[in-house]
Amino acid sequence: MAAAQKLQRCVVSPTGKHSASIIFLHGSGDTGQGLRGWVGDVAVPDLAFGHIRVVYPTAPARPYTPMRGALSTVWFDRHKISRDSPEHLESVNAMCGALGRVIEEEVKAGVPKHRMIIGGFSMGGAMALHLACRYHPEVAGVFALSSFLNKDSVAYKAVEERARVGGGLPELLQCHGTSDDLVLHQWGEDTAALLKKAGMASTFHSFPGLHHQLCQPEVELLRSWVLTKLPPLQPDP
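Notes on the structure follow. Everything numeric here is computed off the predicted structure, so don't read it as measured data. Per-chain numbering applies: the sequence of each chain, read as written, is numbered from 1 onward. Only residues with pLDDT of at least 70 are given local features in this predicted model, and only at 80 or more are side-chain atom pairs given and counted; all residues enter the totals for whole chains, interfaces and linings. The basis for the side-chain values is all heavy atoms of the structure; hydrogens and waters are excluded.

## Comments concerning the overall build of the chain
Strands here are runs of E lasting at least two residues and helices are runs of H or I lasting at least four, both read from the DSSP assignment and numbered beginning at the N terminus. For the chain, the count of helices and strands is 6 helices and 9 strands. C-alpha atoms define the radius of gyration in this analysis, and the globule rule sets the expected value at 2.2 Å times the number of residues to the power 0.38. Against the globule reference of 18 Å for 237 residues, the chain gives a C-alpha radius of gyration of 17 Å, in line with a compact fold. Over its C-alpha atoms, taken along the principal directions, the chain stretches across nearly 55 × 40 × 40 Å. Relative accessibility thresholds used throughout: buried, under 20% of the residue-type maximum; exposed, over 50%; partly exposed, between the two (1.4 Å probe, protein chains only). Relative to its full complement of 237 residues, the chain shows a buried share of 52%. Within the chain, residue pairs in contact and separated by at least 24 positions form 75% of the contacts whose partners lie at least 6 positions apart. Of the roughly 10200 Å² of accessible surface on the chain, 55% is carried by carbon and sulfur atoms. Across the chain, the mean location of the 23 positive side-chain charges is 5 Å away from that of the 22 negative side-chain charges. Here, two residues are considered to be in contact whenever any of their heavy atoms come within 4.5 Å of each other. What sets the accessible areas is the Shrake-Rupley method with a 1.4 Å probe; for residues, cover comes only from the shown protein chains. Charge counting follows a simple rule: Lys and Arg are positive, Asp and Glu are negative, and His as well as the terminal groups are ignored. The atom standing in for a charge is NZ when the residue is Lys, CZ when it is Arg, CG when it is Asp and CD when it is Glu.

Here it is as C-alpha cells:
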C-alpha cells in the first residue's frame, strides 16, 4: 500500500536550536521540493526560522479519479473536485497514518505536538485539517491556503465531538484568493464557517484578485501567525 511507505521530504533546518516544527503539505500533483521552491520564490525573506524546522513531505503517486485515473502525487483521491461530493475516506485515512509517522519523527527529535503546526496549500490544506481535527488536535495550530473541505466532511463531526467534551482544538488560519477559479473562494469561506460553527477558533483572510496560488503578503501573514503560535523558547535561568 502506498501510504505504508516512508514519505520523501524536503527540510529547511532552523539556523539555531530546533524547538518547534511546521509540516507544510503541497497541493495535488506537486512535491515537497516543488512547494519549498515555490515558497522560496514568493517569500522575501524566505520562510525560514531560527528555531523552527519546516518539513515539506511529498505524497506518493497514486491513481487520481479527477484525472481519469492517471497517476499523480496526491494526498488522497477525490470522486470529483466539488464540495458536494462525498469524501474518499479510505485514501484520506490511510494518508493520515503515513503523515502521522512524519509527526512522530518530529516528536522523537524532541518537539512535542504542542510545538508543531500542520498546514498546506490546496489539497494539502484539506489533508492538514483532517490530521489536526481528527488525529492530532494537540498541535499548536493548523493552516489551510486555498483549501476546502467537503460539505459532509468527517472533520466537522470530529471538531463538534471534541468541542462537546471540552477537548482542546488547534487554532485555524485560512487564506484564499477571491479570483481562485479552481477552489472557489466561497468554498473556503463555507469551510471556515462550518469549522467555526463546530467549535474551532478560526480566522479567514481574503486576498483580492489572487488566483489559485501563493503570494508574498499571504506568506508574510503566515510567518507572523506561526511566530505567535511557536515563539522561541526562553532559555532556562
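## Focus on empty space enclosed by the protein
Buriedness of a pocket was judged along seven lines, with at least five required to meet protein on both sides within 12 Å; pockets are open sets of points on a 1 Å grid over the protein atoms alone, cavities are sets where a 1.4 Å probe fits but cannot get out, and lining residues have an atom within 4 Å of a point. Grid points are joined across faces, edges and corners, and a volume is the space filled by probe spheres set on the points. Going through the model one piece at a time under the given rule, you end up with 1 cavity of 30 Å³ or more. Of the volumes computed, that of the largest cavity is approximately 80 Å³. As for the largest cavity, its lining consists of 15 residues, of which F76, R78, E87, H88 and N150 are closest to the centre.

## Comments concerning unusual backbone geometry
The omega torsion across V44 and P45 is 0°, close enough to zero to call that bond cis. Relative to the helices and strands, P45 is located in the loop between α1 (32–42) and β3 (52–57). Although it is not a glycine, R68 sits at a positive phi angle of roughly 60°. Following the sequence through the fold, R68 ends up in the loop between β4 (61–64) and β5 (70–73). Even without being a glycine, S122 presents a positive backbone phi close to 55°. With respect to the secondary-structure elements, S122 resides in the loop between β6 (116–121) and α3 (123–135).

## Quick word on the sheet that holds β3
Judged by pairing direction, the sheet is mixed, and its 7 strands sit side by side in the order β1-β3-β2-β6-β7-β8-β9 without closing on themselves. The open sheet terminates on both sides in strands that have one partner only, identified here as β1 (9–12) and β9 (202–207). Recorded for the sheet is a direction-independent mean angle of 15° between the axes of neighbouring strands. One requirement defines pairing of two strands: DSSP has to find at least two bridges between them. Sheet topology note: the β1/β3 ladder contains 4 bridges and is antiparallel. If you follow V12 over to β3, its bridge partner there is V54. Angles here are taken between N-to-C directions and fall from 0 to 180 degrees, while the axes themselves are lines fitted to C-alpha atoms, restricted in helices to the stretch in contact. Together, β2 (20–25), β3, β6, β7 (141–145), β8 (171–177) and β9 form the strand contacts of helix α6 (residues 216–229), whose direction differs from that of β8 by roughly 175°.

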